[in-house]
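Listed below are the residues making up each chain.
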Amino acid sequence: MTPAVEVHDLTVAYQQKPALWDVDLTVTPGSLMGIVGPNGAGKTTLLKAILGLIPVVSGDVLVHGRPYRQQRRRVAYVPQKSSVDWDFPTTVFDLVRMGTYGRLGWFRRPSRAENDMTRQALAQVGLTDFRDRQIGQLSGGQQQRAFLARSLVQEADVFVLDEPFQGVDAVTERAVIDILRKLRDEGKTILVVHHDLTTVPTYFDAVTLLNVQVIASGAVGEIFTPENLHRAYGEAAR
């Protein structure tokens, strides 16, 4: 089976200091993988490198066996909330519908089909009643749901989420993980940067422990051990 995502020999450096070093990663199709590690471990950098958002020193990224640039439309990205301009003058409905633009191209306007998809995605994340609000008027949890809805209308095969549970309430966190599990059950592949070690065993099928290098990666039951956590976090894992 061709992996959903393959990373080979990936190195990223900032001002000649490695942020990622010789990273190899294989993600099985239809898996829900958490990427965890201490602050400064390179988790967000790894996602951005996979998505071609930052330059790399070396390495290759394949999505379903082909270079990412050829598979861009098959990948949906939910960034950290802190990286979004929440003052941008757009409504929740328009933000979510933007997820259809990659399929439409430059010259086609959204049709009834795209509007229907947008409404369905908003219903799926529980934001139907907020569709006409400016995005900055949403709570933190609602903002995260809006970006998740935007990723849903992309009809992607691979979903990449950077800290989707950061700053959200327990209800939103449960709603988001339920949606991610449903996507996984439909055969989608999901990569999630995550910081709460206590929920890793219940949220994810697979986990990658990262600290500039990949410490260990694979099924949660095999990888998420005290020994590997100590290797990734040092004394902080005790």
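Residues numbered from 1 in each chain as written. Predicted model: local features only at pLDDT ≥ 70, side-chain atom pairs only at ≥ 80, totals over all residues. Heavy atoms only, no water.

The next subject is the pattern of salt bridges. Considering all chains together, one arrives at 9 salt bridges under this definition. Between D157 and R74 there is a salt bridge; the shortest N-O distance is 2.5 Å. Of this pair, D157 sits in the loop between α5 (140–152) and β7 (158–162) while R74 is found in the loop between β5 (66–67) and β6 (75–78), placing the two residues 83 residues apart along the sequence. Overall, the relative accessible area of 31% leaves R74 in the partly exposed class. Between K188 and D157 there is a salt bridge; the shortest N-O distance is 3.9 Å. Highlighted residues: K188 in the loop between α6 (170–185) and β8 (189–193) and D157 in the loop between α5 and β7, separated in sequence by 31 residues. By sharing partners, the salt bridges in this structure join R74, D157 and K188 into a single network. (Salt bridge = Lys/Arg side-chain N within 4 Å of Asp/Glu carboxyl O. Helix = DSSP H or I, 4+ residues; strand = E, 2+ residues; numbered from the N terminus. Buried < 20%, exposed > 50% of the residue type's maximum accessible area, 1.4 Å probe, protein only.)

With that out of the way, let us pick up the sheet that holds strand β10 (residues 213–219). The strands making up a sheet associate through backbone hydrogen bonding, with each pair oriented either parallel or antiparallel. The strand order across the open sheet built from 6 strands is β6-β7-β8-β3-β9-β10, with neighbouring strands paired in mixed fashion. With one partner strand each, in any of the chains shown, β6 and β10 form the two edges of the open sheet. Recorded for the sheet is a direction-independent mean angle of 15 degrees between the axes of neighbouring strands. Pairing of strand β3 (residues 32–36) with strand β9 (residues 206–211), which is carried by 4 bridges, proceeds in the parallel orientation. Counted as the bridge partner of M33 is A206 from β9. (Pairing = 2+ DSSP bridges. Axes fitted to C-alpha atoms, helices over the stretch in contact; angles between N-to-C directions.)

Right, let's talk about the confidence of the model for the chain for a bit. Per-chain confidence: the chain averages 90 in pLDDT, with 95% of residues scoring 70 or above. Per-element mean pLDDT across the chain ranges from 70 in helix α3 (residues 101–104) up to 98 in β3. (pLDDT = per-residue confidence, 0-100.)

Here we come to α6. Taking 1.5 Å per residue as the helical rise, α6 with its 16 residues ought to reach 22 Å, and the 22 Å between its terminal C-alpha atoms agrees with that figure. Listed in full, the buried residues belonging to α6 are T172, E173, V176, I177, I179, L180, L183 and R184. One side of α6 holds all its buried residues, which, seen down the axis, span an arc of 155 degrees. Lining the buried residues of α6 we find β3, α4 (112–124), α5, β7, β8 and α7 (200–203). Note on α6: the residue one or two positions beyond its end, G187, has a positive phi of about 95 degrees. (Expected span 1.5 Å × (residues − 1). Arc of directions from axis to C-beta. Contact = heavy atoms within 4.5 Å.)

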